[in-house]
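Below, each chain spelled out in residue letters.
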Amino acid sequence: MIKYFVQSKTFILITSLIFFTSYYGQIKTNIPTDSIGVKKTTTNGYLKIPKTPGLSEYNNVHCGLRDKSGNLWFGTTGEGVYRYDGNLFTQFTVKDGLRDNSVTSILEDKNGNIWFSASNGVSRYDGKQFTSIPFTDANDKNKNSEKITKTNSSASNGVLSMMQSKSGKLWFGTNDGVYCYDGKAFSLFLDNDSIVNNGKLHLKNIESMMEDKNGNIWFGSFGDESICLYDGKSLTRPFLLNPAVRKRVMSIFEDKNGIIWFGTGSGTFYYDGKTLNNVAEKAAINWAYTIFEDTNGNLWFATEDGSGQKDEPGGVWRFDGKSFTKFTTKEGLIHNGVFCTVEDKEGNLWFGTRYMGLCRYDGKTFTTFSE
């Protein structure tokens, strides 16, 4: 009971850091200048991600991405974004045009633009400058197509997740629903009258999204709707999970064999196309914020917490198809609260953790990349 209270308190504090910010503003573009508002340890960037004096333990390296050029991007909760070119880290913040210094997810679209989601909208980086796209009132007189209109201007509407479907359409999971962007304008997904929604689902607080090989789109919510499925015609809840214990679905991933994995607040599950299975009998993998498959076919589960016991302090799990192996600070991981996994061009794995932790794993040893 004490453990659950601590987890709940921690989640509330994290949520406050990410979402209790201003939700309105005008579109603006700025050219990112690396020297603006950033103290460098070298001429061109940082050798390691710095930790601001007095930094809270709830400031995390929260999400990551490897772009088409091989650069690594790491979004943080409070310190903006860091780009790693293989030698140095360059920081981008609101002073450079980023929408917010707390970044919830990162996505590269098919045109090479990189999107950053936050509590008050999204930012798009085209390689030269950031474009800041806010959420605005639906009755706003400015009809600029690059605005996301809200149906309820009084509701906070942070962007929790992003995805690009095979059609090229961009999807944004928010507190107040799912929005789509066709390259010209944004629209609320459920405003489409052709969708059969007999379950009266609302798709709010969507923390994870994924399109599977068959074109089905899966939604994972931080709310009672849990896991939802859109097959191109109907929106349903395919699994009747107990909302009291599994209402938060942080990650959804399809592996190379077509198995779909779900990371939830009370266990990790996989769907083989027929039944939903819990991996608890093999590994107590709770709070899996990301599920990632490396080039060798291993699955990695980045977790915040274990089974609720003191000997299960989170960490990273690896599944090679037969057995699970766990890595924690005992093996060299920088922190046991892990939020994201990124693989670089050389096959090394990078893990972003709580307290601005970042480390690289080469298959044998962990190397720290945060001060």
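The rules behind each value
Residues numbered from 1 in each chain as written. Predicted model: local features only at pLDDT ≥ 70, side-chain atom pairs only at ≥ 80, totals over all residues. Heavy atoms only, no water. Pairing = 2+ DSSP bridges. Helix = DSSP H or I, 4+ residues; strand = E, 2+ residues; numbered from the N terminus. Axes fitted to C-alpha atoms, helices over the stretch in contact; angles between N-to-C directions. Salt bridge = Lys/Arg side-chain N within 4 Å of Asp/Glu carboxyl O. Buried < 20%, exposed > 50% of the residue type's maximum accessible area, 1.4 Å probe, protein only. Phe/Tyr/Trp six-rings, centres within 6.5 Å; stacked < 30°, edge-to-face > 60°. Lys NZ or Arg CZ within 6 Å of the ring centre and 35° of its normal.

A. Representation of the sheet that holds strand 2 (residues 61–66) in the model. The antiparallel open sheet is built from four strands, whose spatial order is 2-3-4-5. One side of each edge strand has no neighbouring strand; the edge strands of this open sheet are strand 2 and strand 5 (89–92). Within this sheet the neighbouring strands show an average axis-to-axis angle of 20 degrees, counted without direction. Bridging between strand 3 (residues 72–76) and strand 4 (residues 81–84) involves four bridges; their strand directions are antiparallel. Looking across to strand 4, one finds that Trp73 is bridged to Arg83.

B. View of the pattern of salt bridges. Following the criterion strictly, the structure yields three salt bridges and no others. Asp176 is the salt-bridge partner of Lys204, the closest N and O atoms lying 3.6 Å from each other. Of this pair, Lys204 sits in the loop between strand 14 (186–188) and strand 15 (206–211) while Asp176 is found in the loop between strand 12 (170–174) and strand 13 (177–181), placing the two residues 28 residues apart along the sequence. Exposure remark for Lys204: the relative accessible area of 38% places this residue in the partly exposed category. The residue Arg354 makes a salt bridge to Glu304 at a minimum N-O spacing of 2.6 Å. Of this pair, Arg354 sits in the loop between strand 28 (349–353) and strand 29 (357–361) while Glu304 sits in strand 24 (residues 299–305), placing them 50 residues apart in sequence.

C. Up close: the packing of aromatic side chains. Scanning all chains against the criterion turns up 41 aromatic pairs. Above the ring of Phe222, the side-chain terminus of Arg248 is found at 5.4 Å from the ring centroid.

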